[in-house]
Amino acid sequence: MKTIETTRPITIFTPSFADEEDTNAQNLTVKEIVARLPPEHFRVVMVSEGKPDPRIAARKNTKLLPYYKHGNTAQLLMRSLASPPDIYFYPRYGPLDRVVFALRKKLRLRTAIVTHIVSVMNNAAQKSMVARSIIEGDAVFANSAYVAETVRQRFGVEAGTIYNGIDRRFYFPNDGRASTFNSPLTVLYAGSFRPWKRVALVIEQAARSPNVQFRLAGRGETEQYCRELCQKYECRNVSFLGHLSPLRLGEEMRRADVFLFPSIVEGHPQVLGQAAACGLPAIAMNLYHPEYVLHGKTGLLAESDAELARHLDLLLQNPTMRRSMALAAARHARKFDWDQIAAQWTRVFHEVISQRQSA
C-alpha cells in the first residue's frame, strides 16, 4: 500500500492509561507502543491517573489528560475531541468509547478507528462495544492468530495479527544459575484470582505435591476461597504473594522452575510470554492456542485438567526436560520484540491515514 506523507504529525488519542504502576495488559501494550512512536511523526493524547511511565512523561509531542474520580467521560470527551484526532486507537468498552463512536457516526468525523482485539470472540461479544470496534474499525488486528480467526468467524472481518511484545527491562533469563536443580522445586502462578483463571486447580496440585513450593502472584475475588482451600488441604507449601510489580514478577519467574497457568478464558495472555522470556517452562490450557508456548519445546499445553496434572508431574520429575525447555523458551521469546512490534503499528497508522486521505 502506498503511503501518503503528511505535512503534520498524526494525532492519536487512546483511552489508555500512561501510569507507571498500571499493569493492566491493554495499558501495558499501549504504553510500550507509545513509548516507541517517533514524536516527530505522531502526537499522542492519553490518560493518566497517577505518576506516568517516565518514558512517556519524557516523550515529546505527548499530552496526558488527568483522570478524576468523577465526571471523566465529559471532561475527556471535551478535551480529546476539541480538535478531533486523526486516529482513535485501542478503543475500550466504556462510556467514553460509546459516546465517541456515536459522535463519530452522527457528525461524520474523519477520525479513524484502529482496533486491537485481545480476547477470543464469543456470543456475548456480538452485542457489545467489542462488536462495534470490529465492525466500524478502519483497521482491525488481533493479538494472536487464533483470536484473529475467532474475529473472522464471528464477524466476517479479516483481522490482521500483531502480537504483544515482552518488556525486556523486567523479563529476561537468569544469570546462569541452574534453577532446574533447585531444592525444593518451585511452581509459580501469576494472574488475577477470578473464576475462569481457576487458581483453585493450582491449590489442588499443591496438595498433591507437598514437597514442591507453590507461589501465587495476584489478587481477586477468588483469593479468599483459595486460602480456605489451602486450610482444608492443610497445604503448608503455598505462598500468596499479592499483586507484584513487573520488576518483582520477573524476579519470581527467574527463581521458579515451572509456570502453571490453568486459565480457560483468555486471548493471548502476556504472562505466558513473560515467563518464556525469563526462561521459565509453562504449562497452560490449549483452548486458546497460545503462541507464546510451543508444545513439547518451550512448555506443555493441556487438553484437559487431568492432562494438566500429568504435564506438571512430568516437568517436576524431569530436570533435563526443564532445562531444555527453559533455553528454548528464552530463544522463542525473542520473536516478540517490542521495537519490531511498534514498527508494525507505525506502518498501520500511516497506512490508515493514507487510506483516509485518498478516499
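Counting restarts for each chain: residues are numbered from 1 in the order of the written sequence. Owing to the predicted nature of the model, reporting of local features is limited to residues with pLDDT of at least 70; listing and counting of side-chain atom pairs is limited to 80 or more, with chain, interface and lining totals taken over all residues. Processing note: side-chain calculations cover all non-hydrogen atoms of the structure and skip hydrogens and water entirely.

A. How the structure looks around the pairing of strand 5 (residues 112–117). For every residue, the accessible area (1.4 Å probe, protein chains only) is compared with the maximum for its type, and the residue is labelled buried under 20%, exposed over 50%, or partly exposed between those bounds. Each helix is a run of H or I in the DSSP string that is no shorter than four residues. Each strand is a run of E no shorter than two, and both are numbered from the N terminus. Across the six residues of strand 5, six count as buried, placing the element largely inside the fold. Side chains Ala112, Val114 and His116 project from strand 5 onto one buried face, and the interleaved Ile113, Thr115 and Ile117 project onto a second face that is buried too. Pairs of strands are assigned from DSSP output, requiring at least two bridges between the strands. Here strand 4 (residues 87–89) runs beside strand 5; their pairing, made up of three bridges, is parallel. Looking across to strand 5, one finds that Tyr88 is bridged to Ile113. Crossover connection from strand 4 via helix 4 (residues 95–106) to parallel strand 5: handedness right-handed. Relative to strand 6 (residues 139–142), strand 5 runs parallel, the two being bridged by four bridges. In the sheet register, Thr115 faces strand 6, and the bridge partner there is Val140. Viewed with both strands pointing away, a crossover whose connecting path from the first strand over the helix to the second turns clockwise is right-handed.

B. Quick look at the packing of helix 7 (residues 199–208) against helix 11 (residues 305–317). Lines fitted to the C-alpha atoms define the axes, with helices restricted to the stretch that makes contact. Angles between their N-to-C directions range from 0 to 180 degrees. One can describe the packing of helix 7 onto helix 11 by two numbers: an axis separation of 11 Å at closest approach and a directional angle of 50 degrees. By the criterion of interaxial angle, the relationship of helix 7 to helix 11 is oblique. Seen from above, helix 7 lies across helix 11 with right-handed handedness. For the pair formed by helix 7 and helix 11, the contact residues are Leu201, Gln205 and Arg208 on the first element and Asp305, Leu308, Ala309, Leu312 and Asp313 on the second. Residue polarity follows a fixed list, in which Ala, Val, Leu, Ile, Met, Phe, Trp, Tyr, Cys and Pro are nonpolar, Asp, Glu, Lys and Arg are charged, and the others, Gly among them, are polar. Looking at side-chain class alone, the contact of helix 7 with helix 11 contains four nonpolar, one polar and three charged residues. Any angle between 65 and 115 degrees counts as roughly perpendicular, while under 35 counts as roughly parallel, over 145 as roughly antiparallel, and the rest as oblique. Handedness of a helix crossing follows the sense of rotation of the near helix relative to the far helix, less than a right angle counterclockwise being left-handed and clockwise being right-handed. Note on contacts: a residue pair is in contact if any heavy atoms of the two residues lie within 4.5 Å.

C. Expanded view of the pairing of strand 9 (residues 213–217). Pairing of strand 8 (residues 186–190) with strand 9, which is carried by five bridges, proceeds in the parallel orientation. Within the sheet, the bridge partner assigned to Thr186 lies in strand 9 and is Gln213. Note on the crossover from strand 8 through helix 7 to strand 9: the handedness is right-handed. Between the parallel pair strand 9 and strand 10 (residues 238–242), the chain is carried across by helix 8 (residues 223–233), and the sense of this crossover is right-handed.

D. Layout of the packing of aromatic side chains. Each aromatic pair joins two rings of Phe, Tyr and Trp (for Trp, the six-membered one) with centres within 6.5 Å, and gets the label stacked for planes under 30 degrees apart, edge-to-face for over 60, and tilted for any other angle. Scanning the entire structure with this criterion turns up 16 aromatic pairs. Judged by centre distance (6.2 Å) and plane angle (85 degrees), the ring pair of Tyr189 and Phe193 falls under edge-to-face. The burial state of Tyr189 is the same as that of Phe193; both residues are buried. Centre to centre, the rings of Phe259 and Phe261 are 6.0 Å apart; their planes meet at 15 degrees, and the pair counts as stacked. Owing to a relative accessible area of 0%, Phe259 belongs among the buried residues under this scheme. Since its relative accessible area comes to 1%, Phe261 is described here as buried. An aromatic cluster is present here, built from Phe42, Phe89, Tyr90, Phe141, Trp345 and Phe349 joined pairwise through their rings.

E. Here's a closer look at the pattern of salt bridges. A side-chain nitrogen of Lys or Arg and a carboxyl oxygen of Asp or Glu constitute a salt bridge if their distance falls within 4 Å. All told, the structure shown has 19 salt bridges when counted by the stated rule. The salt bridge involving Arg198 is made with Asp305; its shortest N-O contact spans 2.9 Å. Here Asp305 lies in helix 11 and Arg198 lies in the loop between strand 8 and helix 7, a separation of 107 residues in the sequence. You can call Arg198 buried: its relative accessible area is 15%. One salt bridge in this structure joins Glu223 and Arg227, with 3.0 Å as the shortest N-O distance. Of the two residues, Glu223 and Arg227 are both situated in helix 8; the distance of four residues between them amounts to about one turn of the helix. Accessibility expressed as a relative area gives 10% for Glu223, which makes it buried.

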